[in-house]
Amino acid sequence: MGDEQVKDQQTQSPAGSDVDEEITAEGAAFVHGDPLQDSAGPPSSDSKVESLHEHVKKQLIKEGHGEKPTKYSTCFLHYRAWTKSTQHKFEDTWNEQRPVELIIGKEKTEMTGLAIGVSSMKAGERCLLHVDWQLAYGKEGSFSFPNVPPKADVSYEVELIGFDETKEGKARSDMTVEERIGTADRRKMEGNNLFKDDKLDEAMQQYEMAIAYMGDDFMFQLFGKYRDMALAVKNPCHLNMAACLIKLKRYEEAIGQCSIVLAEEETNVKALFRRGKAKSELGQIDAAREDFLKASKYAPEDKAIVKELRLLAEHDKAVYQKQKEMYKGIYGPRPEAKKAINQKKSWFAVIWLWLLSLFRRSFKLEKQRVD
């Protein structure tokens, strides 16, 4: 499909279409790799222990897909690290909401064991790595950041988001602006293709890697057309991640992705629509209506927005009817009950009057007999 066809389709229904095909517009959060465990200690795993090296052992938590990275691959990953003896967590990249970039074969000395583990992983894989001190922070440890004692064996929980195969092992910091934007855009397009095939987790990995090339440190340096070019790749990635998250029923995370876009572009119709959709699914009806109304202001003819507003109106009507039925008993009997009560009162009055008249008549007869 050509660019003009894509733009025409989006003009017809900017909110309802699932994936942003065209280049349009920031933020920086990474939802796919959110930690599954709390910070009490490394997660447990019943999987078989695999020996990758004399000083590196691995246990699988979640399987990945595709190929494994090779030497000089640029890998993007999240990890948490604990000293094995004390279970002290000294690093957590999920909390920082920024994937770590690691080039296999060019890693820092203290990352040697981690790199051996990552080179055995597939994209999307999550695992536990047990690294002896010889391939971690060594005999001296680290007394700056992170603070690691001497000869400390380290446990890692790692997720490989994805990797780029680059023969020269070129880091993001060594790329030109055009190279970084171009690489991010290719990732976005790969994500779109995966989304169309309903491979949502894999699509999100591609979007997250694209966003990793557009980090805050990079965006702060851009002005004019280069910033516009970068935002034109970045925003659709956040919106497409929101679309994936809504399909996966991860509504809170979808709201976060849309809010990132709206912080940069408050009139973005897709961001307003998808955030409204997620809020509606969470039962936040008033907040959802507010987003839909804002979206309809900028796209009054959009059928998807009109439909959602109509559904909210029907929801309100159903709630009103339910409350009306529920409170009838509190504020008085139903009209039918009142009618029945009135009928009973009428019969009682008739009988009472008949008895009264009978008594009076008997009284008169008795009086006449006495006279």
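Residues numbered from 1 in each chain as written. Predicted model: local features only at pLDDT ≥ 70, side-chain atom pairs only at ≥ 80, totals over all residues. Heavy atoms only, no water.

Within an unreviewed UniProt entry, the label attached to the protein reads peptidylprolyl isomerase, and the organism entered is Papaver nudicaule. Of the comments in the UniProt record for the protein, the one headed Catalytic activity (unreviewed entry) reads "[protein]-peptidylproline (omega=180) = [protein]-peptidylproline (omega=0)". (UniProt positions renumbered as here; feature names shortened; annotations may be inferred.)

Trainee: Can you break down the overall build of the protein residue by residue, with the values?
Mentor: A count of helices and strands for the protein gives 12 helices and 7 strands. Approximately 21000 Å² of the protein is accessible, and the part contributed by carbon and sulfur atoms is 53%. (Helix = DSSP H or I, 4+ residues; strand = E, 2+ residues; numbered from the N terminus. Areas by Shrake-Rupley, 256 points an atom, 1.4 Å probe, with all protein chains shown as cover.)

Trainee: Describe the packing of helix α7 (residues 224-247) against helix α9 (residues 269-281), listing the residues and the values that go with them.
Mentor: Between α7 and α9, the shortest axis-to-axis distance is 10 Å and the interhelical angle comes to 20 degrees. With respect to α9, the element α7 is oriented roughly parallel. Relative to α9, α7 is oriented so that their crossing is left-handed. Between α7 and α9, the contacting residues are L239, N240, A243 and I246 on the first element and K270, A271, R274, K277 and A278 on the second. Its residues placed into classes, the contact of α7 with α9 shows 5 nonpolar, 1 polar and 3 charged. (Axes fitted to C-alpha atoms, helices over the stretch in contact; angles between N-to-C directions. Parallel < 35°, antiparallel > 145°, perpendicular 65-115°, else oblique. Left-handed = near helix turned anticlockwise from the far one by under 90°. Contact = heavy atoms within 4.5 Å. Nonpolar A, V, L, I, M, F, W, Y, C, P; charged D, E, K, R; others polar.)

Trainee: Before we move on, could you go through the packing of helix α8 (residues 251-264) against α9 and cite the residues and values that matter?
Mentor: At a closest axis distance of 9 Å, the pairing of α8 and α9 adopts a crossing angle of 155 degrees. Regarding the angle of α8 to α9, the classification is roughly antiparallel. Our pair here, α8 against α9, has a crossing hand that is left-handed. When α8 is examined against α9, the residues Y251, A254, I255, C258, S259, V261 and L262 are found in contact with a partner set consisting of A271, L272, R274, R275, A278, K279 and E281. Taken together, the residues of the contact of α8 with α9 sort by class into 9 nonpolar, 1 polar and 4 charged.

Trainee: Report on the pairing of strand β2 (residues 56-62), specifying residues and quantitative values.
Mentor: As defined by bridge partners, strand β1 (residues 50-53) adjoins β2 across 3 bridges and the pair is classed as antiparallel. Counterpart to H53 in the pairing with β2 is V56. Two successive antiparallel strands, β1 and β2, enclose a turn made up of 2 residues. Strand direction decides the pairing type here: β2 and strand β6 (residues 126-131), joined by 6 bridges, are antiparallel. Directly across from K58, in β6, lies its bridge partner L129. (Pairing = 2+ DSSP bridges.)

Trainee: Could you give an account of the environment of L262, with specific residues and numbers?
Mentor: Positionally, L262 belongs in helix α8. Taking the relative accessible area as the measure of exposure, L262 reaches 11% and is therefore buried. Residues L262 and L272 lie 10 residues apart in sequence; the distance between their C-alpha atoms is 7.6 Å. (Buried < 20%, exposed > 50% of the residue type's maximum accessible area, 1.4 Å probe, protein only.)

Trainee: Give a description of the side chain of D164 that names residues and reports values.
Mentor: Turning to its location among the elements, D164 is positioned in strand β7 (residues 154-164). Engagement of the side chain of D164 in a polar contact is seen with the side chain of Y213, the distance being 2.3 Å. With residues near it in sequence (within four places) discarded, D164 still touches S73, T74, F76, T183, R187, M209 and Y213. (Polar contact = N/O pair within 3.5 Å; in protein donor to acceptor, adjacent residues only side chain to side chain.)

Trainee: Quick rundown of unusual backbone geometry? Include the residues and the values.
Mentor: P146 follows F145 through a cis peptide bond whose omega is -5 degrees. Checked against the element boundaries, P146 lands in the loop between β6 and β7. Phi is positive for K151, close to 50 degrees, though the residue is something other than glycine. Locating K151 in the fold gives a position in the loop between β6 and β7. K151 sits in the partly exposed class, given a relative accessible area of 47%. With a phi close to 65 degrees, D198 is a non-glycine residue in the positive phi region. Structurally, the position occupied by D198 is in the loop between α4 (177-196) and α5 (200-212).

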